[in-house]
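Listed below, chain by chain, are the residues.
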Amino acid sequence: MPPLRLERHIFLLRSQNPLFSHGDAQLFLAWRDGRVVGRISAQYDEQYDAQHGGGTGMFGFLELEDAPDILPPLLEAAASWLRAQGRARMIGPMDFTMNDECGVLLEGFERMPFVKQPWHPPYYAARCEEAGLAKAVDLFMYELVISDRSKILPIVFKLAERVQKRHKITIRRMSRRSLRRDMDAFAAVYNEAWSENWGFVPYTKRDLDAYAQEHQLVFDRNWYMVAETEDGETAAVAITVPDINQVLLRMKGRILPFGWVHFLRKKWIIDRVRVGFLGVKHAYQHTGVAAALYVEHFDTASRTPQKWGEMGWILETNHNMNKAMEAMGGRVVRRFRVYERAL
């Protein structure tokens, strides 16, 4: 799945990536006989430190050929740099944060990756374990056939029906013009609802500036939802992204000479979505607003070309969310692993 090369160049620029406003990174390449055979990044994030305490660094952007002697020196290069920054532990891979691509693929090799999902051949996990990396946590992706309402447990519909009548909560769509403002509402929900999750890092203003700009490229009003009270307070947010990877595959990583033609035709190409974020503020978790958002996704699928998708990632330790996905008829189709190592 070739990424858009221009986007990757911009993502790595210190002047453009918000990580460098609250952290730092170093990139490494492994060379053999005059050619690159592997790569890795080492980074730390002061936002992560503020949430979880100092001492942790990360590694990411992991790519390597299938040879047992490539990963150990890459990991040692990252570890050495992180030790010099005062770090005693590293976790990864993540590019650069848990909100970007993260984990090593353990299951689902036969499936084309969705947007913001890494893909690795099976030997990656074996090389990571051989190099002494230990499991930190697994991440699940669920497949949802969001046009098939028969898969949803009846209780979900009952809860959804009560939301507006009992709690005066309604669902509206974001607009392209209001997207940056709505990202503030998203952050208010995310920074509260995900705050107890493993590896959580809150979004800053600069993060949201970059995030809103990134979403302009994939924005589809049908799939960006905000649940609000009658007083205008945000109760919940759902951001579901049409899978731009289906277009990038045809573009082969380039805008020129003809990649832009596929991009302009994206609404006729994309038939699947990634449900990336669906969160509810603590004060409204008893209202059934999450159920209302789930049902809204199924209703949306009935009138758009996107009929199925994947939800996640979801931490293996997030038992409530995993139960909710089962209630929606979801099944785990990919599993990623985040590793850790003492320095």
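Preceding this paragraph is the structure being described.
Residues numbered from 1 in each chain as written. Predicted model: local features only at pLDDT ≥ 70, side-chain atom pairs only at ≥ 80, totals over all residues. Heavy atoms only, no water.

## Points about the overall build of the protein chain
A count of helical and extended segments in the protein chain gives twelve helices and 14 strands. Compactness check: the protein chain gives a C-alpha radius of gyration of 20 Å against a globular reference of 20 Å for 343 residues, within 12% of the reference. Viewed in the frame of its principal axes, the protein chain has a C-alpha envelope of about 65 × 45 × 35 Å. A gap of 6 Å separates the mean positions of the 46 positive and 42 negative side-chain charges of the protein chain. (Helix = DSSP H or I, 4+ residues; strand = E, 2+ residues; numbered from the N terminus. Rg over C-alpha atoms; globule rule 2.2 N^0.38 Å. Lys, Arg positive; Asp, Glu negative; His and termini not counted. Charge placed at Lys NZ, Arg CZ, Asp CG, Glu CD.)

## Details of the nonpolar core
Grouped together as the largest cluster of nonpolar side chains are 65 residues, with contacts concentrated most on Phe186, Tyr224, Ile239, Met311 and Met325. Here the element with the most residues in this core is helix α11 (residues 289–301); it accounts for eight residues. The contacts of tyrosine 224, once residues within four sequence positions are left out, are Arg172, Arg173, Met174, Leu179, His215, Val218, Phe219, Ala238, Ile239, Thr240 and Val241. With 26 residues, the next largest nonpolar core counts Phe59, Ala67, Leu74 and Tyr339 among its residues. (Core = buried A, V, L, I, M, F, W, Y, C linked by side-chain atoms within 4.5 Å. Buried < 20%, exposed > 50% of the residue type's maximum accessible area, 1.4 Å probe, protein only. Contact = heavy atoms within 4.5 Å.)

## Observations concerning the packing of helix α6 (residues 179–193) against helix α7 (residues 205–216)
Closest axis-to-axis distance for the α6/α7 pair is 9 Å, and the angle between their directions is 125°. By the criterion of interaxial angle, the relationship of α6 to α7 is oblique. Crossing angle aside, the handedness with which α6 passes α7 is right-handed. Between α6 and α7, the contacting residues are Leu179, Arg180, Met183, Asp184, Phe186 and Ala187 on the first element and Lys205, Leu208, Asp209, Tyr211, Ala212, His215 and Gln216 on the second. A per-class count over the contact of α6 with α7 returns seven nonpolar, two polar and four charged. (Axes fitted to C-alpha atoms, helices over the stretch in contact; angles between N-to-C directions. Parallel < 35°, antiparallel > 145°, perpendicular 65-115°, else oblique. Left-handed = near helix turned anticlockwise from the far one by under 90°. Nonpolar A, V, L, I, M, F, W, Y, C, P; charged D, E, K, R; others polar.)

## Section: the state of the cysteines
Following the criterion strictly, the structure yields zero disulfides and no others. The thiol sulfur of cysteine 102 is not disulfide-bonded, and the nearest other cysteine sulfur, from cysteine 128, lies at 13 Å. Cysteine 128 sits in the buried class, given a relative accessible area of 0%. (Disulfide = S-S within 2.5 Å.)

## Thoughts on a nonpolar patch on the surface
On the surface, a cluster of nonpolar side chains totalling about 880 Å² of accessible area is made up of Leu6, Ile10, Leu13, Ile255, Leu256, Phe258, Trp260, Val261 and Leu264. Of all the secondary structure elements, the ones that give two or more residues to the nonpolar patch are α1 (5–12) and α9 (259–264). What makes leucine 264 exposed here is its relative accessible area of 57%. (Patch = residues over 30% accessible without salt bridge, like charges linked within 9 Å, V, L, I, M, F, W, Y side chains within 5 Å. Areas by Shrake-Rupley, 256 points an atom, 1.4 Å probe, with all protein chains shown as cover. Salt bridge = Lys/Arg side-chain N within 4 Å of Asp/Glu carboxyl O.)

## Here we look at α6
Counting along an α-helix, one turn takes 3.6 residues, and residues three or four places apart therefore face a common direction. Taking 1.5 Å of rise per residue, the 15 residues of α6 would be expected to cover 21 Å, and the 20 Å separating its terminal C-alpha atoms lies within 8% of that figure. Within the span of α6, buried status applies to Leu179, Asp182, Met183, Ala185, Phe186, Ala187, Val189 and Tyr190. Those residues of α6 that are buried lie in contact with β9 (169–173), α7, β10 (224–229), β11 (234–242) and β12 (272–280). (Expected span 1.5 Å × (residues − 1).)

## Points about the side chain of asparagine 245
Structurally, the position occupied by asparagine 245 is in helix α8 (residues 245–251). Look past the residues within four positions of asparagine 245 in its chain and what remains in contact with it is Met1, Met112, Pro113, Phe114 and Val115.

## Considerations on the packing of aromatic side chains
Inspection of the entire model under this criterion finds 19 aromatic pairs. Geometrically, the ring pair formed by phenylalanine 61 and phenylalanine 96 is edge-to-face, given 4.8 Å between the ring centres and 65° between the ring planes. Within this pair, whereas phenylalanine 61 is found in strand β3 (residues 56–64), its partner phenylalanine 96 is found in the loop between β5 (94–95) and β6 (101–102), the two being separated by 35 residues in sequence. In this structure an aromatic cluster arises from ring pairing among Phe186, Tyr190, Trp194, Phe200, Tyr203, Tyr211 and Phe277. One Lys or Arg, arginine 8, reaches over the ring of phenylalanine 11 and ends 4.4 Å from the middle of that ring. Positioned above the aromatic ring of phenylalanine 263 is the side chain of lysine 266, whose terminal nitrogen or guanidinium carbon lies 4.3 Å from the ring centre. (Phe/Tyr/Trp six-rings, centres within 6.5 Å; stacked < 30°, edge-to-face > 60°. Lys NZ or Arg CZ within 6 Å of the ring centre and 35° of its normal.)

## A few points about the environment of aspartate 207
Inspection of the secondary structure assignment puts aspartate 207 in helix α7. Aspartate 207 sits 90 residues away from glutamine 117 along the chain, and the two C-alpha atoms are 19 Å apart. Filtering out sequence-adjacent residues up to four positions away, aspartate 207 remains in contact with Pro18, His22 and Pro202. Among the polar contacts made by the side chain of aspartate 207, one reaches the side chain of histidine 22 at a distance of 3.3 Å. (Polar contact = N/O pair within 3.5 Å; in protein donor to acceptor, adjacent residues only side chain to side chain.)

## As for the packing of helix α5 (residues 154–167) against α11
One way to put it is that α5 packs onto α11 with a least axis distance of 7 Å and a crossing angle of 105°. Regarding the angle of α5 to α11, the classification is roughly perpendicular. Between α5 and α11, the contacting residues are Val156, Phe157, Leu159, Ala160 and Val163 on the first element and Val289, Ala291, Ala292 and Val295 on the second. Partitioned by chemical class, the residues of the contact of α5 with α11 number nine nonpolar, no polar and no charged.

So yeah, pure geometry; function would need other evidence.
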